[in-house]
Amino acid sequence: MGVIMVTRGAIGNLHNRTAQSFVELLEDECEIEPPVEFRANWHRRGLEERITFFLWSKGDYQQFAVRAGGPTKCPVVPGKAINLAWDNGERAWVAWREMWKRQSHDAFTLEEAAFTFFWGRPSVEPIGHQLFRAEWPQKPAGGKTSAQPHWQVDWPLTDLEHYVAGIHFGMGGWECEHSADAEENHLSKHWRRFAQEDTVAILEKWAVRTLEYSLDQIVNFYQKDLV
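Conventions we followed
- Residues numbered from 1 in each chain as written.
- Predicted model: local features only at pLDDT ≥ 70, side-chain atom pairs only at ≥ 80, totals over all residues.
- Heavy atoms only, no water.
- Helix = DSSP H or I, 4+ residues; strand = E, 2+ residues; numbered from the N terminus.
- Buried < 20%, exposed > 50% of the residue type's maximum accessible area, 1.4 Å probe, protein only.
- Contact = heavy atoms within 4.5 Å.
- Areas by Shrake-Rupley, 256 points an atom, 1.4 Å probe, with all protein chains shown as cover.
- Lys, Arg positive; Asp, Glu negative; His and termini not counted.
- Charge placed at Lys NZ, Arg CZ, Asp CG, Glu CD.
- Expected span 1.5 Å × (residues − 1).
- Axes fitted to C-alpha atoms, helices over the stretch in contact; angles between N-to-C directions.
- Parallel < 35°, antiparallel > 145°, perpendicular 65-115°, else oblique.
- Left-handed = near helix turned anticlockwise from the far one by under 90°.
- Nonpolar A, V, L, I, M, F, W, Y, C, P; charged D, E, K, R; others polar.
- Pairing = 2+ DSSP bridges.
- Phe/Tyr/Trp six-rings, centres within 6.5 Å; stacked < 30°, edge-to-face > 60°.
- Lys NZ or Arg CZ within 6 Å of the ring centre and 35° of its normal.
- Disulfide = S-S within 2.5 Å.
- Salt bridge = Lys/Arg side-chain N within 4 Å of Asp/Glu carboxyl O.
- Polar contact = N/O pair within 3.5 Å; in protein donor to acceptor, adjacent residues only side chain to side chain.
- Core = buried A, V, L, I, M, F, W, Y, C linked by side-chain atoms within 4.5 Å.

### Some remarks on the overall build of the protein
The number of helices and strands found in the protein is 2 helices and 11 strands. Ordered by position from N to C terminus, the α and β elements of the protein give α-β-β-β-β-β-β-β-β-β-β-β-α. Referenced to the eigenvectors of the C-alpha coordinate spread, the extents of the protein come out at roughly 50 × 45 × 30 Å. Looking at the protein as a whole, 45% of its 227 residues are labelled buried. Put simply, 57% of the contacts in the protein that link residues at least 6 apart link residues at least 24 apart. When the accessible surface of the protein is split by element, carbon and sulfur atoms take 53% of a total near 12,100 Å². With 24 positive and 32 negative side-chain charges, the protein shows a spacing of 5 Å between the two charge centroids.

### Thoughts on helix α1 (residues 8–23)
Look at α1: 23 Å from first C-alpha to last across 16 residues, which is about the 22 Å you get at 1.5 Å a residue. In this structure, the buried side of α1 is in contact with β1 (30–33), β2 (50–57), β5 (91–104), β6 (107–120) and α2 (199–221).

### Description of the packing of α1 against α2
At a minimum axis distance of 10 Å, the contact between α1 and α2 shows a crossing angle of 20°. It follows that α1 is roughly parallel to α2 by the angle criterion. When you trace α1 past α2, the crossing you get is right-handed. Facing α1, whose interface residues are Ala10, Leu14, Arg17, Thr18, Ser21 and Phe22, α2 presents Val200, Leu203, Glu204, Ala207, Val208 and Leu211. Grouping the constituent residues of the contact of α1 with α2 by class yields 8 nonpolar, 2 polar and 2 charged.

### Description of the pairing of strand β3 (residues 63–66)
What you see with β3 is a clean split: Gln63 and Ala65 sit on the buried side and Phe64 and Val66 on the side with no burial. The loop that links β3 with its antiparallel partner strand β4 (residues 73–78) comprises 6 residues; one of these, Gly69, has a positive phi angle of about 90°.

### A look at the packing of aromatic side chains
Inspection of the entire model under this criterion finds 16 aromatic pairs. Summarising the aromatic geometry, the rings of Phe115 and Trp206 are spaced 6.1 Å apart at their centres and angled 40° between planes, so their arrangement reads as tilted. Placement of Phe115 in strand β6 and of Trp206 in helix α2 is noted, with a sequence separation of 91 residues between them. Lying across the ring of Trp56, Arg39 places its NZ or CZ 5.2 Å from the centre. For Arg45, the ring lying beneath its charged end belongs to Phe38, and the centroid distance is 4.7 Å.

### Quick notes on the state of the cysteines
For the structure on display, the rule yields 0 disulfides. No disulfide involves Cys30; its sulfur sits 15 Å from that of Cys74, the nearest cysteine.

### Let's talk about the side chain of Arg102
Tracing the backbone shows Arg102 in strand β5. One buried charged side chain, Arg102, makes no salt bridge at all; its nearest oppositely charged neighbour is Asp106, positioned 7.3 Å away. One polar contact links the side chain of Arg102 to the main-chain carbonyl oxygen of His43, over a distance of 3.4 Å. Here the side chain of Arg102 touches Arg45 through a polar contact of 2.5 Å, landing on its backbone oxygen. Beyond its immediate chain neighbours, meaning those up to four positions away, Arg102 contacts His43, Arg44, Arg45, Gly46, Leu47, Glu48, Glu49, Ile51, Ala107 and Phe108.

### Focus: the nonpolar core
One finds Phe22, Leu26, Leu55, Trp96, Trp100 and Phe115 to be the most contacted residues of the largest nonpolar core, which totals 41 residues. For this core, the secondary-structure elements that each account for two or more residues are α1, β1, β2, β5, β6, β7 (130–137) and α2. Ignoring sequence-local partners within four residues, the contact set of Leu55 consists of Phe22, Leu26, Cys30, Glu31, Ile32, Pro75, Val77, Val94 and Trp96. In this structure, Ala65, Ala95, Phe118 and Ile127 belong to the second largest nonpolar core, which totals 7 residues.

### Regarding the pattern of salt bridges
Summed over the entire model, instances satisfying the criterion amount to 10 salt bridges. Two residues, Glu112 and Arg97, come together in a salt bridge whose shortest N-O distance is 3.3 Å. Of this pair, Glu112 sits in strand β6 while Arg97 sits in strand β5, placing them 15 residues apart in sequence. The residue Glu135 makes a salt bridge to Arg133 at a minimum N-O spacing of 2.9 Å. The pair formed by Glu135 and Arg133 is uniform in burial state, with each residue classed as buried.

Below, the structure written as structure tokens:
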């Protein structure tokens, strides 16, 4: 099946619905938009250019976080539920990123969607305590031997000298159809699924359910005395 093209209007409707669904799980009203300087004309970017959307708070203050492995800041929004053991104002924080590529006048293709989850107190400084990621590169983005979509962590091991990074934990099932763009003899061919049949509907469902599940796991199992 070929790559599905999506119109500007469909992307806007997707973001409105998804942000509204996210509100049930997040403390602040939120929106999914590009950075401020690109909002007015994101749909007029050059052909083959990528447009990146983030999850932004509509509140008075925007908290940022720093992803592991680099200095790049990303906007984050706090989860609504908290653990009673978090007694210093700690929260679970959510970063969301979508990348679309402009293919023609009003046709865009999804390149990638991803969550990054953090934990910590609100601060004027970016939060740096990253927990894990949930990522879904589409064809042909992403490695050909990685499960799609997948969970990914970047954690120091207990000896503090070794680091876990770059391992992709599959979340799309173990009986996916063979993907023609995967390495022919690599076992990842059973763990690759893409938003091909209906990009907007599938992405929306994946985003809302992944957010709901991830926040539930953090709140119920990430105890303060583990850090």
